[in-house]
Amino acid sequence: EAAEKGGYEHFMIKEIYEQSKAVRETMSARIAKDDSAIVMDELKWNKEFLNSIRKIFIVACGTAYHAGFVGKYYIEKLARIPVEVDIASEFRYRSPIIDDRTLTIVISQSGETSDTLAALKEAKRLGSKTLAVTNVVGSSIAREADQVVYTWAGPEIAVASTKAYTTQLIMMFMLSLYMSEIKKTIEKDYTKHLIGALRQVPSQIHEILEDVEPIKTFAQKYGFNEDVFFIGRSLDYAVALEGSLKLKEISYIHAEAYAAGELKHGTLALIIEGVPVIALATQESVYEKTLSNIKEVKARDAVVIGIALANDDQIEKYVDHIIKVPTTDELLAPLLAVVPLQLLAYYAAITRGCDVDKPRNLAKSVTVE
Ligand code: G6P
């Protein structure tokens, strides 16, 4: 096992470090040489079908469900198709409205999660076309879906998913751009700009991983707190959900993610002196709104750790600590913002002496209902 860990102490940290390579693999051969378009040769649908889609469901569990949240945002923003994201164990027991102009996308690292597989079968039975986004070639979900795209993250061993998540985001981004091309919903220059930004992501992830000391220090300082809150708006909210799941899963700290604008409808009552709040502020379009939420928690004496882009020269004034990630287009910020959150969870778990790769009560792949 030590050999498989390649010199790292745990699979999780090895997989965190593999993300730069993993996302590069996911992109490889799927970007046109002149960066003008996304190429999805593996999709055997004709353009008429893709043009006819009126509704998309994204169905998944756990971390893959959080990737679905980001996927919804990408598809709606870039390809202008309405998307509903659902937890697989909920989707299969309600009455989703589906017809042959519906596409159901299931996301699953393992391709074996029982609820996701059952949801996929149900969507097919109701007449939906189906697409699997998975990491495991020939898995049950890959075989059951009409079409499959692979994330090429390489084997993920740690129970807490890291590189599978980032590669799922890359895949959802590329799928959205591919659909936008067919539906002609965005300008060619914008596509080129986004593909240019996408190409930077592997080296930007690498850059974050070159200096993890400040994150380790926060984890040691706040690792014994019993509650941690994550806040953000828009895509930052989606990342907050994943950051909070990571922390719960492996460090057993009670963590909650809130859409920052929703705080005042209840959760603000829990924000008292010294409570750590991790505030994501990478989204330009809602930046000012996020800042006002940060001020709200600061006014209650929370300890605020801000996650922001490198070109943000304002945020320092409003937070106690800051972690910056390289500047990118706001759509791609989740791929960078999640990395410090994974590291925070990892080092918090180490600080608390938890079994990082095999957290209590959890399994890598849940093949029972
Ligand atoms: C388990 C794992 C999670 C994972 C979820 C979905 O709960 O512990 O890390 O996100 O299953 O797994 P899948 O293989 O379908 O992505």
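Quick caveat: nothing in here was measured; it's all calculated off a predicted structure. (Residues numbered from 1 in each chain as written. Predicted model: local features only at pLDDT ≥ 70, side-chain atom pairs only at ≥ 80, totals over all residues.)

Caption draft 1: Up close: the overall build of the protein. Counting secondary structure elements, the protein contains 13 helices and ten strands. Relative to the compact-globule value of 21 Å for 369 residues, the protein shows a C-alpha radius of gyration of 20 Å, a close match. Dimensions of the protein, computed from C-alpha atoms along their principal axes, come out at roughly 55 × 45 × 40 Å. For the protein, the residues scored as buried account for 52% of the 369 residues in total. Expressed as a percentage of contacts within the protein between residues at least 6 apart in sequence, the contacts between residues at least 24 apart total 75%. (Helix = DSSP H or I, 4+ residues; strand = E, 2+ residues; numbered from the N terminus. Rg over C-alpha atoms; globule rule 2.2 N^0.38 Å. Buried ≥ 20, exposed ≤ 12 C-beta atoms within 10 Å, placed from the backbone. Contact = placed C-beta atoms within 7 Å.)

Caption draft 2: Expanded view of the sheet that holds strand E3 (residues 102-108). Across the sheet, which stays open at both edges, the five strands sit in the order E2-E1-E3-E4-E5 with parallel pairing between neighbours. Every interior strand has two partners, whereas the edge strands, strand E2 (83-87) and strand E5 (147-150), have only one. Across the sheet, the mean angle separating the axes of adjacent strands is 20° when strand polarity is ignored. Where strand E4 (residues 129-134) meets E5, four bridges bridge the pair, whose relative direction is parallel. Residue pairing for E5: Leu131 is matched across the bridge by Gln147. (Pairing = 2+ DSSP bridges. Axes fitted to C-alpha atoms, helices over the stretch in contact; angles between N-to-C directions.)

Caption draft 3: Expanded view of the site of the ligand. Neighbouring residues of the ligand: 16 residues in total, closest Gly62, Thr63, Ser108, Ser110 and Thr113. Among the elements that take part in the shell around the ligand, helix H4 (residues 62-79) stands out by supplying three residues, more than any other. Among the residues making up the shell around the ligand, the classes are represented as six nonpolar, nine polar and one charged. (Near = placed C-beta within 6 Å. Nonpolar A, V, L, I, M, F, W, Y, C, P; charged D, E, K, R; others polar.)

Caption draft 4: Inspection of the UniProt feature "domain: SIS" (unreviewed entry) in the protein at higher detail. If you check UniProt for "domain: SIS" (unreviewed entry), the listed places come out as residues 50-174 and 228-351 in our numbering. From the first C-alpha to the last, residues 228-351 spans 15 Å; its make-up is 39% helix and 23% strand. (UniProt positions renumbered as here; feature names shortened; annotations may be inferred.)

Caption draft 5: Structural view of the environment of Pro214. Residue placement: Pro214 occurs in helix H10 (residues 213-222). Measuring from C-alpha to C-alpha, the distance between Pro214 and Pro340 comes to 9.8 Å, with 126 residues separating the pair along the chain.

Caption draft 6: Here's a closer look at the nonpolar core. One finds Val106, Leu344 and Tyr346 to be the most contacted residues of the largest nonpolar core, which totals 127 residues. A per-element tally of this core places helix H13 (residues 333-351) first, with 15 residues. Aside from chain neighbours lying at most four places away, what touches Val106 is Val59, Ala60, Thr116, Ala119, Leu120, Thr130, Ala132, Ile141 and Ala145. (Core = buried A, V, L, I, M, F, W, Y, C linked by C-beta atoms within 7 Å.)

Caption draft 7: Main features of the sheet that holds strand E9 (residues 303-309). Sheet architecture is open: five strands sit in the order E7-E6-E8-E9-E10, paired in parallel fashion. At either margin of the open sheet sits one strand with a lone partner, and together these are strand E7 (254-259) and strand E10 (321-325). For this sheet, the mean angle separating the axes of adjacent strands, direction not counted, is 20°. Two strands pair when backbone bridges link them, and E9 and E10 are joined in this way by five bridges, in the parallel orientation. Residue pairing in the sheet places Gly306 in a bridge with Ile322 of E10.

Caption draft 8: Representation of helix H9 (residues 188-209) within the structure. Its 22 residues place the ends of H9 33 Å apart at the C-alpha level, agreeing with the 32 Å of an ideal helix rising 1.5 Å per residue. At Val201, H9 shows its strongest bend, of approximately 40°, with the proline Pro202 following within four residues. Taken together, the buried positions of H9 are Leu194, Ile195, Leu198, Val201, Pro202, Gln204, Ile205 and Ile208. In this structure, the buried side of H9 is in contact with helix H2 (19-27), helix H8 (163-183), E10 and H13. (Expected span 1.5 Å × (residues − 1). Bend = angle between axes of the 7 residues up to and from the residue.)

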